[in-house]
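A closer look at the structure
Now for the letters of each chain:
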Amino acid sequence: LIPKTLEWKNDALYLLDQTRLPLEEVELRCGTVAEVVSAIKCLAVRGAPAIGVAGAYGVAIAALNDPASVVSAIKDLAASRPTAVNLFWALEKMTLLHRAGATPAELLVAAQEIEADDRERCRLIGEHGAALLPDEATVITHCNAGALATAGIGTALAVIYRAVELGKRIKVYADETRPLLQGARITAWELQRSGVDVTLITDGMAAAVMKRRRVDAVITGADRIAANGDAANKIGTYGLAVAARHHGIPFYIAAPFSTFDAKTAHGEAIPIEERDPSEVTEGFGRRTAPPGIAVFNPAFDVTPADLIRSFITERGVFPATREALAKAMAER
Ligand code: MRU
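Parameters at a glance
Residues numbered from 1 in each chain as written. Predicted model: local features only at pLDDT ≥ 70, side-chain atom pairs only at ≥ 80, totals over all residues. Heavy atoms only, no water. Core = buried A, V, L, I, M, F, W, Y, C linked by side-chain atoms within 4.5 Å. Buried < 20%, exposed > 50% of the residue type's maximum accessible area, 1.4 Å probe, protein only. Helix = DSSP H or I, 4+ residues; strand = E, 2+ residues; numbered from the N terminus. Contact = heavy atoms within 4.5 Å. Pairing = 2+ DSSP bridges. Near = heavy atom within 4 Å. Polar contact = N/O pair within 3.5 Å; in protein donor to acceptor, adjacent residues only side chain to side chain. Areas by Shrake-Rupley, 256 points an atom, 1.4 Å probe, with all protein chains shown as cover. Nonpolar A, V, L, I, M, F, W, Y, C, P; charged D, E, K, R; others polar.

Leu13, Val45, Leu77 and Met94 are the most contacted members of the largest nonpolar core, which has 41 residues in total. Mapped onto this core, the elements with two or more residues apiece are β1 (6–9), β2 (12–16), α1 (33–41), α2 (48–65), α3 (70–78), α4 (85–99) and α5 (104–130). Here this core gets twelve residues from one element, more than from any other, and that element is α2. Leaving out residues up to four positions away in the same chain, Val45 has contacts with Thr5, Leu6, Leu15, Gln18, Ala39, Ile40, Ala50, Ile51 and Ala54. Listed in part, the 31 residues of the second largest apolar core include Val209, Met210, Ala231 and Ala241.

And the structure:
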């Protein structure tokens, strides 16, 4: 029942079009690089690991269609969205193979390997994270760090899926996630159809839920984790981490190593995507703000390392310190 984010079939990449969820399950065929770039930009495919996998397939598509177009395709893919480092991680792998003379067929195999590898990382994140949760636990999550953000069972939600599978009684509060409602449209949808006990709340309710009800953990994904442990994730994550600290609730980030960026020293240096004001003023086609109003619409924020209890990764759980990160990266 866990949905499939993307699939290579015959000669093209097929995505579950996430802009149509939760009301319609529609497949989107990407047979050109332009189609992959546009799917990433409009969030038909989204979530850091999934963007990376889609980017890798984009390079393979370029090579299969016209081997001479690979370099410019990589440039176009890299310009699609700036924050999730998984995209640049995957493009770098593909670039190195291309430079080493990989054939189009070999580039396709490499993309398929990146996909399979992500699936396995998700499974391991679930395994390590589930062990952290007590037999009965209530968890708040933000945005969608689920199956639909990866090629596998997700990152934050992998922890939930695995804990439930182990027989733990897990209740999830899913933040709606303004302005594009990934929590309501995607997390609530994917957890509900998988039979997980999920309750939808608006972003502004999270602190009150922490105060009034028992909450054992906050678990989110990340789009890029800097060398000092500062972590960028969907806008609203920082506020959630501040509220968790105030209420003495551990705040965890679940992410694969493809999300860790040793080249970015700290959170201030993470590029934060700003999106169209219309997402805030007329989301989903209905104007909800006065015409001409000034809007600030960053898609991500940065949670400082000191608010993060630990990182849940495919290689285990470790604290959000520069030392622990450097050690974990060196083990690669
Ligand atoms: O704008 P989105 O929907 O791509 O943002 C996604 C998130 O912020 C996720 O939490 C993050 O990519 C981690 S997904 C495992």
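Let's pick the thread back up.
With that settled, consider the pairing of strand β10 (residues 251–254). The side-chain alternation of β10 yields two buried faces, one formed by Phe251 and Ile253 and the other by Tyr252 and Ala254. Pairing geometry for strand β7 (residues 217–220) and β10, over three bridges, is parallel. Residue pairing for β10: Thr220 is matched across the bridge by Ile253. The sheet contact formed by β10 and strand β13 (residues 310–313) spans three bridges and is parallel. By the bridge assignment for β13, Tyr252 is matched with Ser310.

Our focus in this paragraph is the site of the ligand. The full set close to the ligand counts 17 residues, and Arg46, Ala48, Arg81, Asn233 and Lys234 are the nearest of them. Within the side chain of Arg81, a nitrogen or oxygen atom sits 2.8 Å from an oxygen atom of the ligand. Separating an oxygen atom of the ligand from a side-chain N or O atom of Gln182 is a distance of 2.9 Å. In the complex, the protein chains occlude 100% of the 420 Å² of accessible area that the ligand would expose alone. At the level of secondary structure, the elements contributing two or more residues to the shell around the ligand comprise α2 and β9 (231–234). Here the shell around the ligand is composed, by residue class, of seven nonpolar, six polar and four charged.

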